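So the chains spell out like this:
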Amino acid sequence: MYYRFLGAPWVIVIGEELSHSGLPLCDAVVNLAGENVLNPFRRWGDAFCREVISSRVETTRTLAKAIADAEQPPRAWVLVTGVGYYRPSPTAEYTEDSPGGDFDFFSRLVSSWEAAALIPGSPARGVVVRSGVVLGRGGGAVSQMLWPFRLGLGGPLGSGLQPFPWIHIRDLAGIVCHALESECLQGVLNGVSPSSPATSNGTFAQELAAALGRPALLPVPAWAVRAVFGAERAVMLLEGQRVVPKHTLESGYHFIFPDLSGALKDIVA
């Protein structure tokens, strides 16, 4: 999808229209497309892997080509990917300059995704936002957890010690807008909260339970997570990365929800 804003509400255009008509006149393009990797109703196999790859890499490549072919290219081109680029570790901290992208399916996916966005020689300013787990109302990670936690049946996944890189949806949107409006900004921005490196999955479970006024006493065993999601996807839930938004903060972005308790209270209010 791409977003067009010319003094009017942003417009979403699907791939078919883009391939038939090319990229209309617009100030910026933002790509948020991607099949939900953690859909528990989809079995992890070759067909689903191809959908996951195509929805990210091919969609991005199509948009990049449309931008390159446009008579009047947009001024900015923003792609939202993920912190799966960085290798899971209980201790290492990663900034936007840290290496990654070459150790498993998901890291290589992010590398291919970001490579597909490159447009050599284009006047469009390119920004990549590597997002953590997005917390918000009406969807995403929290919506799938609310009912168990409201019933007092929530708890950490596995050991609960794994890092939990997170961001409030308003801050993710804020970083995208910041990238669009900052004419000199380009390159990679980590889309995670400043307090994210100190947050574990267990801390998240405790804070969500506290925001709901419920206990968090029932951990979900690692074997159960693997049984539902498969070994490949379970890594995303049972392991994590300590990601620091170094360039994001240096660029002048001010987080609306820098701490987890405030973010969760806003979401469950």
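Scroll up to find the structure.
About the thresholds
- Residues numbered from 1 in each chain as written.
- Predicted model: local features only at pLDDT ≥ 70, side-chain atom pairs only at ≥ 80, totals over all residues.
- Heavy atoms only, no water.
- Helix = DSSP H or I, 4+ residues; strand = E, 2+ residues; numbered from the N terminus.
- Rg over C-alpha atoms; globule rule 2.2 N^0.38 Å.
- Buried < 20%, exposed > 50% of the residue type's maximum accessible area, 1.4 Å probe, protein only.
- Contact = heavy atoms within 4.5 Å.
- Areas by Shrake-Rupley, 256 points an atom, 1.4 Å probe, with all protein chains shown as cover.
- Arc of directions from axis to C-beta.
- Core = buried A, V, L, I, M, F, W, Y, C linked by side-chain atoms within 4.5 Å.
- Salt bridge = Lys/Arg side-chain N within 4 Å of Asp/Glu carboxyl O.
- Axes fitted to C-alpha atoms, helices over the stretch in contact; angles between N-to-C directions.
- Parallel < 35°, antiparallel > 145°, perpendicular 65-115°, else oblique.
- Left-handed = near helix turned anticlockwise from the far one by under 90°.
- Nonpolar A, V, L, I, M, F, W, Y, C, P; charged D, E, K, R; others polar.
- Pairing = 2+ DSSP bridges.
- Phe/Tyr/Trp six-rings, centres within 6.5 Å; stacked < 30°, edge-to-face > 60°.

**Student:** Mind showing me how you'd approach the overall build of the chain here?
**Tutor:** Looking only at helices and strands, the chain has 9 helices and 10 strands in total. For the chain, the C-alpha radius of gyration of 19 Å lies close to 18 Å, the compact-globule estimate for 269 residues. Its C-alpha atoms give the chain principal-axis dimensions of roughly 60 × 40 × 35 Å. Looking at the chain residue by residue over its 269 residues, the buried ones come to 49%. Taking contacts inside the chain between residues at least 6 apart in sequence as the whole, the part at least 24 apart equals 79%. With the model as given, the accessible surface of the chain reaches about 13,000 Å², and the carbon-plus-sulfur share is 58%.

**Student:** Honestly, helix H4 (residues 140–150) in this entry has me stumped. Any pointers?
**Tutor:** Owing to its 3.6 residues per turn, the α-helix aligns residues three or four sequence positions apart on the same side. When H4 is considered as a whole, its buried residues turn out to be Ala-141, Val-142, Leu-146 and Phe-149. Seen along its axis, H4 keeps its buried residues to an arc of 130 degrees; they face one direction. Opposite the packed face of H4, turned more than 90 degrees from it, sit the exposed residues Gln-144 and Trp-147. Contact partners of the buried residues in H4: strand E7 (133–135), helix H6 (201–212) and helix H9 (260–268). Of the residues trailing H4, Gly-152 is marked for its positive phi of about 75 degrees.

**Student:** Would you mind going over the environment of Val-57 with me for this structure?
**Tutor:** Within the secondary structure, Val-57 is located in helix H2 (residues 46–69). The sequence separation of Val-57 and Leu-146 amounts to 89 residues, and the corresponding C-alpha distance is 32 Å. Excluding residues that lie within four positions of it along the chain, Val-57 makes contacts with Leu-109, Ser-112, Trp-113 and Ala-116.

**Student:** Would you take a moment to explain the nonpolar core for this structure?
**Tutor:** As a rule of thumb, nonpolar side chains are buried together in soluble globular proteins. Core analysis: the biggest nonpolar cluster contains 32 residues, and Leu-23, Val-29, Trp-44, Val-52, Ile-67, Trp-77 and Tyr-86 have the highest contact counts within it. Listed by contribution, the elements that provide at least two residues to this core are H2, strand E4 (76–82) and helix H3 (105–116). Of the residues forming this core, the biggest block, 8 residues, is contributed by H2. The residues contacting Trp-77, other than those within four sequence positions of it, are Val-29, Asn-31, Thr-60, Leu-63, Ala-64, Ile-67, Ala-117, Ile-119, Ala-124, Arg-125, Gly-126 and Val-127. One finds Ala-141, Val-142, Ala-209 and Leu-264 within the second-largest nonpolar core, a separate group that totals 19 residues.

**Student:** Sorry if this is basic, but what is going on with the pattern of salt bridges here?
**Tutor:** Side-chain pairs of opposite charge can arise whenever the charged atoms involved come near each other. Across all of its chains, the model carries 8 salt bridges by this definition. In this structure, the salt-bridge partner of Arg-75 is Asp-27, at a minimum N-O distance of 3.5 Å. Residue Arg-75 is found in the loop between H2 and E4, and its partner Asp-27 is found in the loop between helix H1 (15–21) and strand E3 (28–31); the two are separated by 48 residues along the sequence. The partner of Arg-61 in a salt bridge is Glu-58, with the nearest N and O atoms 2.7 Å apart. With Arg-61 and Glu-58 both in helix H2, this residue pair falls 3 residues apart, about one helical turn. Taken together, the shared-partner salt bridges in this structure form one network comprising Asp-27, Arg-75 and Glu-183.

**Student:** Sorry if this is basic, but what is going on with the packing of H6 against H9 here?
**Tutor:** Each pair of packed helices can be summarised by the angle the axes make with each other and by the distance between the axes. Direction vectors running N to C along H6 and H9 enclose 45 degrees, while the axes themselves pass 9 Å from each other. Relative to H9, the element H6 is oriented oblique. Helix-helix and strand crossings are classified by hand; for H6 and H9 the assignment is right-handed. Facing H6, whose interface residues are Thr-203, Phe-204, Glu-207, Leu-208, Ala-211 and Leu-212, H9 presents Leu-260, Ser-261, Leu-264, Lys-265 and Val-268. Class assignment of the residues belonging to the contact of H6 with H9 gives a composition of 7 nonpolar, 2 polar and 2 charged.

**Student:** Would you mind going over the sheet that holds strand E6 (residues 125–131) with me for this structure?
**Tutor:** Two strands in a sheet stick together by hydrogen bonds in their backbones, pointing the same way (parallel) or opposite ways (antiparallel). Spatially, 4 strands are ordered E3-E4-E6-E9 in an open sheet, and the strand pairing comes out parallel. Looking at the sheet topology across the chains shown, the edges are occupied by E3 and strand E9 (187–191). The sheet shows a mean angle of 20 degrees between the axes of neighbouring strands, taken without regard to direction.

**Student:** What's the story with the packing of aromatic side chains in this structure? I'm lost.
**Tutor:** Both the distance between ring centres and the angle between the ring planes are used here to describe each pair of aromatic rings. All told, the structure shown has 8 aromatic pairs when counted by the stated rule. Here the aromatic rings of Trp-44 and Phe-105 are separated by 5.3 Å at their centres, their planes lie at 85 degrees, and the arrangement is edge-to-face. Here Trp-44 is found in the loop between E3 and H2, whereas its partner Phe-105 is found in helix H3, with 61 residues between them in sequence. For Phe-105, a relative accessible area of 25% gives the class partly exposed.

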